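# Report on the structure
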Amino acid sequence: MNWDDARVFLAVCRESTLRGAARVLGVDQATVGRRITALEKSLSATLFLRTSEGYALTAVGEAALKVVEKMEHSALELQRQIQGLDDRLTGTVRVSTTDSMAIDFLIPAIARLHEQHPDVRVQLDASTQILSLSKREADIAVRNTRPDNPDLIARRIARWPVGLFASQDYVDAHGVPAPGSAFEGHDLVVYQPYLQGNKEMTLVSEPLGRGRIVSSLSSGLLVRRAIAAGLGLGEIPVYMGERDALVRLWPERTRPVPYDVWLVTHADLRHTARVRVVIDEIVAGFSGTGE
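The model shown is predicted, which means the values in this text are computed figures rather than measured ones. (Residues numbered from 1 in each chain as written. Predicted model: local features only at pLDDT ≥ 70, side-chain atom pairs only at ≥ 80, totals over all residues. Heavy atoms only, no water.)

## A word on the nonpolar core
The biggest cluster of nonpolar side chains holds 26 residues, and the ones touching the most others in it are Ile140, Val261, Val278, Ile282 and Phe286. Elements represented by at least two residues in this core include exactly β3 (91-97), α5 (99-116), β4 (120-126), β5 (140-143), β6 (152-160), β14 (259-266) and α10 (273-286). Per-element tally for this core: the top contributor is α10, with seven residues. Aside from chain neighbours lying at most four places away, what touches Phe286 is Met101, Phe105, Leu106, Val142, Ile157, Ala158, Trp160 and Val261. The next biggest cluster of nonpolar side chains, apart from the first, holds 20 residues, and it includes Val12, Ile36, Tyr55 and Val68. (Core = buried A, V, L, I, M, F, W, Y, C linked by side-chain atoms within 4.5 Å. Buried < 20%, exposed > 50% of the residue type's maximum accessible area, 1.4 Å probe, protein only. Helix = DSSP H or I, 4+ residues; strand = E, 2+ residues; numbered from the N terminus. Contact = heavy atoms within 4.5 Å.)

## Some details on the environment of Gly175
Looking at the secondary structure, you find Gly175 in the loop between α6 (168-174) and β8 (187-191). In this structure, Gly175 is in contact with Tyr170 and His186, ignoring residues within four places of it in sequence.

## Considering empty space enclosed by the protein
Using the criterion set out here, one finds two cavities of 30 Å³ or more in the structure. Taken as a whole, the largest cavity encloses approximately 50 Å³ of empty space. In this structure, the largest cavity is lined by Val95, Leu106, Ala109, Ile110, Leu113, Val122, Val278, Glu281 and Ile282. Those elements that provide at least two residues to the lining of the largest cavity are α5 and α10. At four residues, the largest contribution of residues to the lining of the largest cavity is made by α5. Its residues assigned to classes, the lining of the largest cavity shows eight nonpolar, no polar and one charged. (1 Å grid on protein atoms, 1.4 Å probe; cavity = no way out; pocket = protein on both sides within 12 Å on 5 of 7 lines; lining within 4 Å. Points joined across faces, edges and corners; volume = space filled by probe spheres on them. Nonpolar A, V, L, I, M, F, W, Y, C, P; charged D, E, K, R; others polar.)

## Points about the layout of surface pockets
Taken as a whole, the largest pocket holds about 1100 Å³ of empty space. Lining the largest pocket are 41 residues; nearest its centre among them are Asn144, Tyr191, Tyr194, Arg255 and Tyr259. Its residues placed into classes, the lining of the largest pocket shows 19 nonpolar, 14 polar and eight charged. Estimated volume of the second largest pocket: approximately 590 Å³. Forming the boundary of the second largest pocket are 16 residues, of which Arg14, Val24, Glu72, Lys135 and Glu137 lie nearest the centre. Elements represented by at least two residues in the lining of the second largest pocket include exactly α1 (3-15), α2 (18-25) and α4 (59-84). When residues of the lining of the second largest pocket are assigned to their parent elements, the largest contribution, six residues, is made by α1. Taken together, the residues of the lining of the second largest pocket sort by class into seven nonpolar, one polar and eight charged.

## Quick word on the pattern of salt bridges
Scanning all chains against the criterion turns up 15 salt bridges. Glu40 is the salt-bridge partner of Arg50, the closest N and O atoms lying 2.9 Å from each other. Here Glu40 lies in helix α3 (residues 29-43) and Arg50 lies in strand β1 (residues 48-51), a separation of 10 residues in the sequence. Residue Glu235 is joined to Arg255 by a salt bridge in which the shortest nitrogen-to-oxygen separation is 3.7 Å. Of the two residues, Glu235 is situated in strand β12 (residues 234-237) and Arg255 in the loop between β13 (247-249) and β14; the sequence distance between them amounts to 20 residues. With respect to burial, Glu235 and Arg255 carry one shared label: buried. Within the structure, one salt-bridge network assembled from shared partners comprises Asp104, Arg224, Arg243 and Asp244. (Salt bridge = Lys/Arg side-chain N within 4 Å of Asp/Glu carboxyl O.)

If you want it as structure tokens, here you go:
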């Protein structure tokens, strides 16, 4: 099995359909189908069961997958090591982050970078999904969690306390909740993933039992916008709340765990010239915001 065939095989394994694999590979669906059929013929083995729900691995296919994943790891390692020796200030750097940090920090950083190094192009992916640096889905990540992969280099570039905020319009209409009231009589907006945990939900350590959750949102930026629109009270990093000119409530209180911002890259890529200048510009953008 050559590497081109292996890439097609992996795409079908991960997407379970020819259409999904074709989208990932940037080819048409018929091409993927032909490649899989030819691969099975060359190996004299059935790798997939064709079902109404998509392509499912056979026992032989599962054995092949383990070997092909090793091939992928080796190919990506070779690519990273070669790129790590590249001292040209040209080419694409892929950056993954959240929508909130993309708007407030990374887009301004990209603008500054473009003025100095116009041949360096940044491909920015902003979502709550964490892309894999080991699989070359991104070259740099700006995250609020530190990875545990020893091949990744993580640097904390900001640390912000998290406080309770509201818009001035909301405070004028509803007043400030009393500490210890469990937000009785108040509307609340929360980050959706927090609702999916088993622990009792709190905002700056205050239980929500008597408040009314009027909206749960899938990203930090949406929480900020909901608070700014007067939808309810919410918990966000103090730096963000002050940046948005929101009213901080109970300023003596913060969430027990601060909001950390980590810049992460692969050890093999951190000395690549174009990656290095992007890192430097991102770090400069967070300088002075809190550490």
